[in-house]
Amino acid sequence: MRAEDGHDGAQYLAGSPVRVAILRALRDDPRRPAELADAVDATRTTVQRSLGGFRERDWVVKRDAAYRVTPTGERVHDAYETLLTEVERGERYGGFAETLERAGVDFPPEGIPDSDITVASEKNPLAVVDRLTELLHENHGGEVRAVSPVVIRQFNDAAAAALDDGANVELIIDRDAADTSVAEFEPATDRALDDDAAEVYVSAEPIEYGLFRCGDVACVAAYDEQNNPRCVIESTDDAVVDWVDDAFASLRADATRLSTVVERA
């Protein structure tokens, strides 16, 4: 079979939502044309035309006045549904994947399907910040490891509350974020330097994405080119957890303690 033949069939099915609905209905049960018309909310003429196209491609057969999907039709239906699922997932996670790819981050694609995602929007531009600070507040004194390209008050306040609750916090930031912390958040910087439960490291290389790890949860945050957090995925999947742990360890190995970078008055 020529490649264009398969393309013709795919194009035929994708060219009408009604055709997809008819094949889906027949995948469930054999049906007469009138039953199909009611099931997919289409005219009998449209149903008959679609069935004719399916019969030409050997996707359905007619037996005892009812149409039944063939094994080939079942495979075509199932493959198309898988494609739709992947396209929908791509639309939902596309911004996350694009941002990490632009930053050169080799995130495991198998971790995406089982990850929850929070996306910032015009109505809620702080959705990612709110979710990460919520996770910090839910930590209840456990171990916290994080990487961030920015320092903002909400994160500082949540980290301080976690320290007050008995948590041990390890944070990696880059030099720009460290300079911002010194210039704009002196009390938070002083606590990071003085609190034995807080360890802050400074990366010599710019950081373009975020990591968060506490309890069984691992998060990866994607930022836009202005360092605004755009989306964050969170997961307990082993592929994601292991990747986050390895990425954090790699960044920390090349980073310097904040105390050796910051000059205190």
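Read on for a plain summary of the structure.

1. So, helix H4 (residues 44–56)
Here H4 is 13 residues long and its end C-alpha atoms lie 18 Å apart, about the 18 Å a rise of 1.5 Å per residue gives. Where H4 is concerned, the buried positions are Val47, Ser50, Leu51, Gly53 and Phe54. Buried residues of H4, viewed axially, fall in a sector of 160°; they line one side. Every exposed residue of H4 that faces more than 90 degrees away from the buried side is listed here: Arg44, Arg49 and Glu56. Positive backbone phi, approximately 65°, marks Asp58, located one or two places after H4.

2. Description of the pairing of strand S2 (residues 66–69)
Consecutive residues of a regular strand have side chains that alternate between opposite faces of the sheet. Pairing of strand S1 (residues 60–63) with S2, which is carried by four bridges, proceeds in the antiparallel orientation. Paired with Val61 across the bridge in S2 is Arg68. Taking the residues that link successive antiparallel strands as the turn, the S1-S2 hairpin has two residues, and the phi of Asp64 there is positive, at about 55°.

3. What about the environment of Ala120?
In this structure, Ala120 sits in the loop between strand S3 (116–119) and helix H6 (127–137). By relative accessible area, Ala120 is classed as buried at 7%. Along the sequence, Ala120 and Val232 sit 112 residues apart, while their C-alpha atoms lie 8.9 Å from each other. Excluding anything up to four places from it in sequence, Ala120 contacts Pro125, Ala127, Val128, Pro229 and Arg230.

4. Description of helix H5 (residues 71–102)
Each α-helix winds once per 3.6 residues, and so residues spaced three or four apart point in a common direction. Its axis deflected by about 65° at Tyr93, H5 carries its strongest bend there. Looking at H5, one finds that the buried residues are Gly73, His77, Tyr80, Tyr93, Phe96, Thr99 and Leu100. The positive-phi residue at the C-terminal boundary of H5 is Gly104, with phi of around 75°.

5. Observations regarding the side chain of Ser148
Positionally, Ser148 belongs in the loop between strand S4 (143–147) and helix H7 (153–164). Residue Ser148 is classed as buried on the basis of its relative accessible area of 8%. At 2.6 Å, the side chain of Ser148 forms a polar contact with the backbone oxygen of Val150.

6. Things to note about the nonpolar core
Grouped together as the largest cluster of nonpolar side chains are 25 residues, with contacts concentrated most on Phe96, Phe107, Tyr209, Leu211, Val220 and Trp243. Broken down by secondary-structure element, the contributors of at least two residues to this core are H5, strand S7 (209–214), strand S8 (217–223), strand S9 (229–235) and helix H10 (238–253). With six residues, H10 is the single largest residue contributor to this core. Ignoring any residue separated from it by four or fewer positions in sequence, one finds Leu211 in contact with Arg145, Ala146, Val147, Cys219, Val220, Trp243, Val244, Ala247, Phe248 and Leu251.

7. Considering the pattern of salt bridges
Scanning all chains against the criterion turns up 14 salt bridges. The residue Asp8 makes a salt bridge to Arg57 at a minimum N-O spacing of 3.1 Å. Of this pair, Asp8 sits in helix H1 (residues 3–14) while Arg57 is found in the loop between H4 and S1, placing the two residues 49 residues apart along the sequence. Taking relative accessible area as the criterion, Asp8 reaches 40% and is therefore assigned partly exposed.

8. Quick notes on unusual backbone geometry
Even without a glycine there, the phi angle at Ala65 is positive, about 70°. With respect to the element layout, Ala65 can be found in the loop between S1 and S2. A positive phi is found at Asn227, a non-glycine position, where the angle reads about 65°. In this structure, Asn227 sits in the loop between S8 and S9.

Criteria and thresholds
- Residues numbered from 1 in each chain as written.
- Predicted model: local features only at pLDDT ≥ 70, side-chain atom pairs only at ≥ 80, totals over all residues.
- Heavy atoms only, no water.
- Helix = DSSP H or I, 4+ residues; strand = E, 2+ residues; numbered from the N terminus.
- Expected span 1.5 Å × (residues − 1).
- Buried < 20%, exposed > 50% of the residue type's maximum accessible area, 1.4 Å probe, protein only.
- Arc of directions from axis to C-beta.
- Pairing = 2+ DSSP bridges.
- Contact = heavy atoms within 4.5 Å.
- Bend = angle between axes of the 7 residues up to and from the residue.
- Polar contact = N/O pair within 3.5 Å; in protein donor to acceptor, adjacent residues only side chain to side chain.
- Core = buried A, V, L, I, M, F, W, Y, C linked by side-chain atoms within 4.5 Å.
- Salt bridge = Lys/Arg side-chain N within 4 Å of Asp/Glu carboxyl O.

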